[in-house]
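# Understanding the architecture of this molecule
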Amino acid sequence: MNVRHTAAWVGVTAAALLATTACSAETTKKAAEAAQNADQIIAALTRATDRAEELGSAQIETTTELDATGGEPIAMDGTYSWGDGPAMDVEMDTAAAQMSALQDDPTTRVIMVDGAYYYDIDPQPSGPLEGKEWMRIDVSAVMGEAGAENMAATADPTATLRYMTASTQVKDLGEETVLGKKVTHYRGSLGADHINKSKLTEAEKKAALAALKADGGKLTADIWVDGEDLPVRISQTGAGMTVTMDFVKFGSTERITAPPAAETGDLTEQVREQRDTAIGQ
């Protein structure tokens, strides 16, 4: 190789090395910026989680869309409480709750507290619900013992928000207006690896993994947070459904309590037997 060719080869090689170095530096810079952005998003979601947990309750409007029913929305509006254990006091569509045989009104009041569901019904002429205003069913009879335990850890509507703080796949989708408030729209997803490596408590990890299993192995959520670090809307998609929760007002809600025992008929054992029979088939 003569001097001219050698010089040319060295020049080309040097240029290639410089380009590679520049490209590598740019890639490193972008990776660092992405990591910093993700950290900022997680910090924002953590603040929102802490604020929601501090307030402990909210008036919420929930819409559930099921793929199996063609996406027809099912509304469930009322009070949710998570400060002293999971509880809710809501109104939902009677037909959607499959309560038409026991309730003539188009909407049915449903209370969940102390590990049991209570359904407002019309007094029945005979049987265990004769003359009763409420029907009681243990959560475990509907969901099984494992499901009931999981619900105790995740029934508060801010659980999804807390789980997203474990994600490394989060995006800031910019500012929007939701319920008349200026909010920042975040989107995140996580899998089992994110949960296992997270700083969630062991109970939270167990509950998150159970939720992940129910959602087909991946939890995806859109979260809108306002300027006061409070979630305004949370939308979660998975397992053939999309659940959207609008947080109308935080705190200042009445304590949720069970209806009077004298007005309540218990169908826990009957429901448990039906569930066990269905599982055994």
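Preceding this paragraph is the structure being described.
Values in this document were obtained by computation on a predicted structure and should not be read as measured data. (Residues numbered from 1 in each chain as written. Predicted model: local features only at pLDDT ≥ 70, side-chain atom pairs only at ≥ 80, totals over all residues. Heavy atoms only, no water.)

Of all hydrophobic cores here, the largest spans 51 residues; its most connected members are Leu45, Tyr119 and Met135. In terms of residue count, helix α1 (residues 3-55) provides more of this core than any other element does, seven residues in total. Core analysis: the next-biggest nonpolar cluster, separate from the first, contains seven residues, Ile111, Ala116, Tyr118 and Ile256 among them. (Core = buried A, V, L, I, M, F, W, Y, C linked by side-chain atoms within 4.5 Å. Buried < 20%, exposed > 50% of the residue type's maximum accessible area, 1.4 Å probe, protein only. Helix = DSSP H or I, 4+ residues; strand = E, 2+ residues; numbered from the N terminus.)

Right, let's get into the sheet that holds strand β5 (residues 116-120). Strand order in the open sheet formed by 12 strands is β7-β8-β9-β10-β11-β1-β2-β3-β4-β5-β6-β12, and the pairing between neighbours is mixed. Two strands in the sheet have a free side with no partner beyond their single neighbour: β7 (169-178) and β12 (264-266). If you compare each strand with its neighbour and ignore which way they point, the axes differ by 20 degrees on average. Taken together, the six bridges between strand β9 (residues 219-226) and strand β10 (residues 231-238) define a ladder with antiparallel strand orientation. (Pairing = 2+ DSSP bridges. Axes fitted to C-alpha atoms, helices over the stretch in contact; angles between N-to-C directions.)

Before going further, it helps to spend a moment on the pattern of salt bridges. This model, assessed by the stated rule, comprises 10 salt bridges. A salt bridge links arginine 47 to aspartate 229; the nearest nitrogen and oxygen atoms lie 3.6 Å apart. Taken together, the positions of arginine 47 in helix α1 and aspartate 229 in the loop between β9 and β10 put the pair 182 residues apart, joining distant regions of the chain. On the basis of relative accessibility, which here comes to 41%, the residue arginine 47 falls in the partly exposed class. (Salt bridge = Lys/Arg side-chain N within 4 Å of Asp/Glu carboxyl O.)

So, on to the environment of aspartate 93. Tracing the sequence through the fold places aspartate 93 in strand β3 (residues 87-93). Classification of aspartate 93 as partly exposed rests on a relative accessible area of 36%. C-alpha separation for the pair aspartate 93 and threonine 107, spaced 14 residues apart in sequence, amounts to 4.6 Å. Setting aside residues no more than four positions away along its own chain, aspartate 93 makes contact with Ala75 and Pro106. Within the structure, the side chain of aspartate 93 is placed 3.1 Å from the backbone nitrogen of alanine 95, a separation counted as a polar contact. Reaching out from aspartate 93, the side chain makes a polar contact with the backbone nitrogen of alanine 96 at a distance of 2.8 Å. (Contact = heavy atoms within 4.5 Å. Polar contact = N/O pair within 3.5 Å; in protein donor to acceptor, adjacent residues only side chain to side chain.)

Moving on, we come to unusual backbone geometry. Even without glycine at this site, leucine 179 takes up a positive phi of about 55 degrees. Take leucine 179: it is sitting in the loop between β7 and β8 (181-190). Residues other than glycine seldom take positive phi values, yet aspartate 229 does so here, at roughly 60 degrees.

Within the secondary structure, glutamate 228 sits in the loop between β9 and β10. A relative accessible area of 54% means that glutamate 228 is categorised as exposed. Counting along the chain gives 177 residues from glutamate 228 to arginine 51, while the straight-line C-alpha distance between them is 8.8 Å.

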